[in-house]
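Examining the three-dimensional arrangement
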Amino acid sequence: MAYSIVAYGDPVLRAQTRELEKDGDIDVKQLSEEMFETMQNASGVGLAAPQIGKSLRMFIVDTTPMEDEKYPDFKKTFINPEILEESGEEWDFEEGCLSIPGIREDVSRYEKLTIRYFDENWKEHIESYEGIAARIIQHEYDHLEGVLFTDYLNGFKKRLLKGKLSSISRGDVKVDYSMRFPKKKK
Ligand code: NI
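Calculation notes
Residues numbered from 1 in each chain as written. Predicted model: local features only at pLDDT ≥ 70, side-chain atom pairs only at ≥ 80, totals over all residues. Heavy atoms only, no water. Phe/Tyr/Trp six-rings, centres within 6.5 Å; stacked < 30°, edge-to-face > 60°. Helix = DSSP H or I, 4+ residues; strand = E, 2+ residues; numbered from the N terminus. Buried < 20%, exposed > 50% of the residue type's maximum accessible area, 1.4 Å probe, protein only. Lys NZ or Arg CZ within 6 Å of the ring centre and 35° of its normal. Donors = N, O, S within 2.8 Å, 3.2 Å for Na, K, Ca; no water. Core = buried A, V, L, I, M, F, W, Y, C linked by side-chain atoms within 4.5 Å. Contact = heavy atoms within 4.5 Å. Expected span 1.5 Å × (residues − 1). Bend = angle between axes of the 7 residues up to and from the residue.

**Let's talk about the packing of aromatic side chains**
The relative placement of two aromatic rings is captured by the distance of their centres and the angle of their planes. Summed over all chains, the structure comprises 8 aromatic pairs. Taking the centre distance of 4.2 Å and the plane angle of 45° together, the rings of Phe78 and Tyr117 count as tilted. Within this pair, whereas Phe78 is found in strand E4 (residues 75-95), its partner Tyr117 is found in strand E5 (residues 105-118), the two being separated by 39 residues in sequence. We classify Phe78 as buried; its relative accessible area is 0%. For Lys75, the ring lying beneath its charged end belongs to Phe36, and the centroid distance is 4.8 Å. One residue, Arg135, lies across the ring of Trp91, its end atom 4.4 Å from the ring centre.

**Notes on the coordination of the nickel ion**
The protein atoms that coordinate the nickel ion are Cys97 (SG), His139 (NE2) and His143 (NE2), at distances of 2.1 to 2.3 Å. With a relative accessible area of 11%, Cys97 lands in the buried category.

**Things to note about the nonpolar core**
Met35, Leu47 and Ile100 are the most contacted members of the largest nonpolar core, which totals 33 residues. Where this core is concerned, the elements lending two or more residues are helix H1 (28-41), strand E3 (58-62) and helix H3 (155-170). With 5 residues, the top contributor of residues to this core is H1. Each residue touching Ile100, except ones within four places of it in the same chain, is listed here: Tyr8, Leu148, Phe149, Thr150, Leu165 and Ile168. In terms of nonpolar packing, the next biggest core, distinct from the first, is built from 17 residues, Tyr129, Ala134, Ile136 and Tyr141 among them.

**A look at H3**
Compared with the 22 Å implied by 1.5 Å per residue over 16 residues, the 22 Å span of H3 between its first and last C-alpha is a close match. Of all the bends in H3, the greatest measures close to 45° and is centred on Leu161. All of the buried residues in H3 are Leu161, Leu165, Ser167, Ile168 and Ser169. Contact partners of the buried residues in H3: E5. Just downstream of H3, Gly171 is the residue with a positive phi angle, here 85°.

Printed below as a string of structure tokens:
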């Protein structure tokens, strides 16, 4: 089952997220599959649980469409992740977000990171990433902290985008995947 993706302005994108439990009532394998289905429908490369309305510490990444030579088959589920370290130079890259369709802006982030997480089989991993893969992880991890990439923009850019962001919240935006808009008129 695919979900609708929650649009900018929905409080769930800012809500506190909780950790999953190994023997809890959520089937993480099934949820992971449903998140991949949802993300693929929207042609995304990353999706965090708050974006489908669930305040859980979980996200998925699939960079295979980007043909990242460093990580050619990077398709993973991150459960209860913790970024242990970020390092290297900060670099700018244009980011987008399935919850904020039609907006792309440069965001500065550290080049490398080390992350600890559980996969969908509850196997623990500690891995290091750099470049695009690291950036997508940082972007998705931010979602678990209630942070969106537009939060990093300077005041001038934020003011420029204010109207566009309001339009997205109202559903006044062209998008070819299923979304849920917080301020849509019934
Ligand atoms: Ni996003």
